[in-house]
Amino acid sequence: RRTTRRPSNRSPATGRQRMSDQPNYIIGVDVGGTFTDVFFLDEANGQCGVAKVPSTKQDQSEGFLAGIRSGVADLTKIATVVHGTTVGTNALLERKGAKTGIITTSGFRDTLEMRRRDRPRTWGLWGQFDPVVPRDRRLEVQERTLANGTVHTEIDITEVKMQARVLLNMGAQSVAIVFINAYANPANEIAALAAAREVWPNDHVVASHEILPEIREFERTSTTALNAYLQPTVGSYLNHLDMALRDDGFGGEVLIVQSNGGVMSLETASKRPIRTALSGPAAGVIASTYIAESAGFPNVITCDMGGTSFDVSLVAGGQSTLAAQTAVDFGLVVRTPMVEMTTIGAGGGSIAWVDRGGLLQIGPESAGSDPGPVCYGQGNDRPTVTDANLLLGRINAERPIGGKLDHLDVQTAETAIATYVGEPLDLDPMAAAEAIIRVANSRMAGAIRLVSIERGHNPGSFAAMPFGGGGALHAGALIKDVGLKSALVPRYPGVTSALGCIIADMRHDFVQTLNSLLDNLDLSQLTSQFADLSGQGGALLDDAGVSFVGRETLFELDMSYLGQTHTVDVPLSLSEGFNIDRDQISAAFEARYKSVFGNPLSGIPIRVLNLRVSVIGVRPNFDLHLLAPDDQGTIETAVRGARPVWVDGGWTEATIYERLHLPVGAEIKGPALLEQPDTTIFVEPDLVGKVDDFGNLVISRKGED
């Protein structure tokens with residue numbers, strides 16, 4: 001990797017480095033539902049810092065700017081701001097996107113609603129799904145392109161303009177144009193797109209060949225419609241944010257984290273907001289992968305516990321996994337490369353409740369940031385996971401993270417737990433609080449098993465990597481419940497996603513359907529398409545206005561045996577000039593198929609469904625030694641005292657440490673609580689934690705390395 005250097009001028013009093021007066025700041029900002037996390041990097045002086053401020057729900061840019069100003073008051077000193085955003089995700093989950101219309105081929109207006117005929121409840125025969133675009137705003141036009149790309153019926157421009165005007169009269173703010181088989185030949189879509197733009201009053205007009213030129217009608221329709229649904233909302237937010245930064249003197253570049261773990265320009269994000277559907281969580285996985293591999297842990301399971309959710313992703317051999325598509329919510333299918341993760345409603349703000357059968361449940365409803373957990377004293381009276389951790393002594397009531405409150409109310413938390421959990425289950429408040437944590441841990445362990453054991457991985461060869469505001473409180477329980485090797489807690493768990501914003505490379509992914517047997521594949525056309533898409537990606541990198549230390553281009557084909565529904569991704573190594581031959585493709589497919597399924601098949605024709613190109617602008621490396629503890633720290637000076645913690649049905653005395661004061665090599669035996677401004681780490685009685693060279697805390701069983 002690229003050369004790095006050690007930091008200087010760090011402040012051991014707070015664990016945060018003093019910021020230089022010189023310019024060249026790169027700032028990563030991750031806006032969550034409860035807190036906005038900021039990571040500062042001064043490249044010129046090799047210094048960094050962190051901040052965690054309350055998110056501002058009504059206008060996220062207010063919390064965004066407050067977080068930046070907490071570390072860099074003069075915005076003219078900032079070169080680049082990299083943002084992980086949840087605006088698009090929240091708009092989808094809360095159904096608060098723009099009023100959208102669809103213009104589609106006659107006979108296909110219900111594709112968005114029919115989906116794949118799945119249902120919300122697997123074992124139920126009923127359910128309801130309301131698409132983001134209702135049927136009266138899904139209009140048809142006469143046109144038809146065949147699957148082989150032949151235009152059977154040309155588009156009538158006058159009809160397109162008429163339908164666009166109808167949508168405008170209905171109040172539509174954006175429109176998606178989706179024609180059957182447009183992936184094979186977009187000619188009719190291109191003509192319709194130009195016609196609609198002549199009458200549409202804004203730029204929120206998209207066509208499926210721009211968003212997803214790939215076979216499968218529902219996925220293409222859904223992804224295009226959701227992109228149009230988000231364009232006004234996300235575009236308006238990003239424009240407002242950019243203007244607020246410029247008004248304060250910022251003159252650099254704003255980059256947005258994509259769901260694939262790369263970053264893109266603000267302009268691209270405004271046009272393709274669907275690529276931000278898992279923006280913030282993806283940044284956390286990128287940072288975790290980088291930190292873990294540097295620390296000698298190529299196999300980790302990332303565990304991001306925020307205020308609302310618990311996000312889990314598996315990293316094997318130093319590589320995170322990209323999924324071709326995901327469902328943000330039932331029926332809201334997005335087909336674009338995304339860091340693969342599993343999400344459950346088990347965050348710090350997830351509400352504990354007892355169902356009609358007398359079973360204790362956690363989530364999915366969350367108290368969020370407003371009103372927040374009961375102990376925040378802002379109006380919520382239903383207990384959350386945070387309230388349970390507080391009552392059990394694992395959270396310091398006088399040192400709440402994030403600076404949102406001066407203290408937490410233990411008594412109101414106890415009353416809520418007793419009322420809503422203790423009384424229905426005939427448990428005293430402490431037993432009820434412990435039950436809440438055990439159920440939450442069980443749900444988290446289930447999510448980890450889903451991404452590991454159920455996919456053929458042995459969790460014993462993986463370490464958990466907990467981050468987010470609450471993840472480190474549950475690391476020990478997950479080690480024991482799942483059988484994980486250890487846990488690797490990063491230096492600043494609460495701002496790991498913000499760090500990921502800085503680490504992430506710029507990346508652009510392209511796909512194009514071929515749908516041809518390998519024996520019939522036009523290799524000259526394949527070469528031309530590879531060259532064209534890599535050129536488009538290179539142009540986007542050039543237009544971003546960001547410097548790179550290198551560029552990489554990845555080439556893949558989606559392939560299968562004839563008759564199979566699912567494909568495998570086949571990476572190709574292309575020489576200068578994109579030279580490729582049929583035997584090379586065949587050999588690459590068989591090797592990949594064998595690695596996935598065990599044995600290739602013989603005598604069955606091979607099908608090439610899609611080609612994929614990823615163009616990556618490699619950004620400067622981040623020196624993790626910048627996060628290392630100060631050389632002057634000692635275990636003795638890090639001790640802050642002790643307090644009782646409830647464990648396994650009784651109280652035990654836990655030593656309290658100022659985590660950021662612990663030196664490299666420090667060994668902490670449980671029970672112990674390590675406090676820092678952005679999180680608290682709980683080392684359980686039969687575990688031990690050790691600080692590594694980068695300031696990470698490695699938690700393992702006593703007697704094990």
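Refer to the structure presented above.
For clarity, every value in this text was computed on a predicted model and none was experimentally measured.

Caption draft 1: Just the packing of aromatic side chains, in detail. Summed over the entire model, instances satisfying the criterion amount to seven aromatic pairs. With 5.6 Å between their ring centres and 80° between their planes, F39 and F622 make a pair best called edge-to-face. On the criterion of sequence distance, the pair formed by F39 in strand β4 (residues 35-42) and F622 in the loop between β30 (606-618) and α17 (635-638) is long-range, its members being 583 residues apart. Pair check on accessibility: F39 and F622 agree, each one buried. Between Y561 and F589, the ring centres sit 5.0 Å apart and the planes meet at 70°, which makes this aromatic pair edge-to-face.

Caption draft 2: Region of the structure containing helix α9 (residues 279-294). Over its 16 residues, α9 runs 23 Å from end to end, which matches the ideal 22 Å to within 8%, given 1.5 Å per residue. Directly after α9, the chain includes G296, whose backbone phi takes a positive value near 90°.

Caption draft 3: Focus on the sheet that holds strand β11 (residues 174-178). The sheet built from four strands is open, its strands ordered β8-β7-β11-β12 with parallel pairing. The sheet is open, and its two borders are formed by β8 (138-141) and β12 (205-207), each paired with just one other strand. In this sheet, neighbouring strand axes are inclined to one another by 20° on average, regardless of whether the strands run parallel or antiparallel. Where strand β7 (residues 100-105) lies against β11, five bridges are found, and the strand directions are parallel. Residue T100 lies in a different strand from β11, and its bridge partner there is S174. This element, helix α5 (residues 187-199), spans β11 and β12 of the sheet and lies at about 175° to β12. Sitting on the sheet, helix α7 (residues 217-247) is in contact with β7, β11 and β12, with an inclination near 165° to β11.

Caption draft 4: Molecular detail of the packing of α9 against helix α14 (residues 496-503). Orientation of α9 relative to α14, taken along the N-to-C sense of each, is 80°, at an axis distance of 7 Å. Between α9 and α14, the crossing angle belongs to the class labelled roughly perpendicular. Contacts between α9 and α14 involve G280, A283, G284, I286, A287, S288, Y290 and I291 from the first element and T496, S497, L499, G500, C501 and I503 from the second. Here the residues of the contact of α9 with α14 sort into eight nonpolar, six polar and no charged.

Caption draft 5: Region of the structure containing empty space enclosed by the protein. Applying the stated rule across the entire model yields six cavities of 30 Å³ or more. Estimates place the volume of the largest cavity at around 90 Å³. Forming the walls of the largest cavity are I102, T104, F108, R109, T111, R138, V178, F179, I180, E217 and T221. In the lining of the largest cavity, the residues fall into five nonpolar, three polar and three charged.

Caption draft 6: Representation of the pattern of salt bridges. If you walk through the whole model with that rule in mind, you get 29 salt bridges. The salt bridge partner of R69 is D248, with a shortest N-O separation of 2.4 Å. Pair noted here: R69 is in helix α1 (residues 60-69) and D248 is in the loop between α7 and β13 (253-257), with a separation of 179 residues, a long-range link. According to the relative accessible area criterion, R69 is partly exposed, its value standing at 38%. Between E210 and R197 there is a salt bridge whose closest N-O contact spans 3.6 Å. Taken together, the positions of E210 in helix α6 (residues 208-211) and R197 in helix α5 put the pair 13 residues apart, joining distant regions of the chain. Three or more residues joined by partner-sharing salt bridges are found here, namely R399, R640, R643, E658 and E675.

Caption draft 7: Region of interest: the side chain of H474. Inspection of the secondary structure puts H474 in the loop between β25 (463-467) and α13 (475-482). Under the relative-accessibility criterion, H474 is labelled buried at 2%. A distance of 3.4 Å separates polar atoms of two side chains, one belonging to H474 and the other to N389. Ignoring any residue separated from it by four or fewer positions in sequence, one finds H474 in contact with M305, V385, N389, I437, N441 and M444.

Caption draft 8: Examining the nonpolar core more closely. Ranked by size, the top nonpolar core spans 120 residues in total, and within it F39, L526, L557 and F622 carry the most contacts. Looking at this core element by element, the count peaks at 11 residues for α7. Apart from residues lying up to four places away in sequence, F39 is in contact with I26, I27, G28, C48, G49, V50, V495, A498, L499, I502, F622 and L627.

Caption draft 9: Structural detail: unusual backbone geometry. With omega at 0°, the peptide bond leading from G363 into P364 counts as cis. Tracing the sequence through the fold places P364 in strand β24 (residues 360-366). Residues G670 and P671 are joined by a peptide bond in cis, for which omega reads 5°. Examined against the element boundaries, P671 turns out to sit in the loop between β33 (667-669) and β34 (672-676). Located in the positive-phi region is R95, a residue other than glycine, with phi close to 55°. Given the relative accessible area of 33%, R95 is considered partly exposed. Here D426, not a glycine, exhibits a phi torsion of approximately 55°, which is positive. Within the secondary structure, D426 sits in the loop between α11 (410-425) and α12 (429-451).

Caption draft 10: Seen up close, the sheet that holds strand β35 (residues 679-683). The strand order β31-β32-β34-β35 describes an open sheet built from four strands, whose pairing is mixed. Each end of this open sheet is capped by a strand with a single partner; those strands are β31 (639-647) and β35. When strand polarity is set aside, the average angle formed by the axes of neighbouring strands in this sheet is 30°. Taken together, the eight bridges between β31 and strand β32 (residues 650-658) define a ladder with antiparallel strand orientation. If you follow P644 over to β32, its bridge partner there is E653.

Caption draft 11: Quick look at the side chain of D311. The topology assignment puts D311 in strand β16 (residues 310-316). No salt bridge forms around the buried D311; measuring N to O, its nearest opposite-charge neighbour R443 is 11 Å away. Of note is the side chain of D311, whose polar atom sits 3.4 Å from the side chain of S309. Excluding residues that lie within four positions of it along the chain, D311 makes contacts with P281, T302, C303, D304, M341, T342 and T343.

Analysis parameters
- Residues numbered from 1 in each chain as written.
- Predicted model: local features only at pLDDT ≥ 70, side-chain atom pairs only at ≥ 80, totals over all residues.
- Heavy atoms only, no water.
- Phe/Tyr/Trp six-rings, centres within 6.5 Å; stacked < 30°, edge-to-face > 60°.
- Helix = DSSP H or I, 4+ residues; strand = E, 2+ residues; numbered from the N terminus.
- Buried < 20%, exposed > 50% of the residue type's maximum accessible area, 1.4 Å probe, protein only.
- Expected span 1.5 Å × (residues − 1).
- Pairing = 2+ DSSP bridges.
- Axes fitted to C-alpha atoms, helices over the stretch in contact; angles between N-to-C directions.
- Contact = heavy atoms within 4.5 Å.
- Parallel < 35°, antiparallel > 145°, perpendicular 65-115°, else oblique.
- Nonpolar A, V, L, I, M, F, W, Y, C, P; charged D, E, K, R; others polar.
- 1 Å grid on protein atoms, 1.4 Å probe; cavity = no way out; pocket = protein on both sides within 12 Å on 5 of 7 lines; lining within 4 Å.
- Points joined across faces, edges and corners; volume = space filled by probe spheres on them.
- Salt bridge = Lys/Arg side-chain N within 4 Å of Asp/Glu carboxyl O.
- Polar contact = N/O pair within 3.5 Å; in protein donor to acceptor, adjacent residues only side chain to side chain.
- Core = buried A, V, L, I, M, F, W, Y, C linked by side-chain atoms within 4.5 Å.
- Lys, Arg positive; Asp, Glu negative; His and termini not counted.

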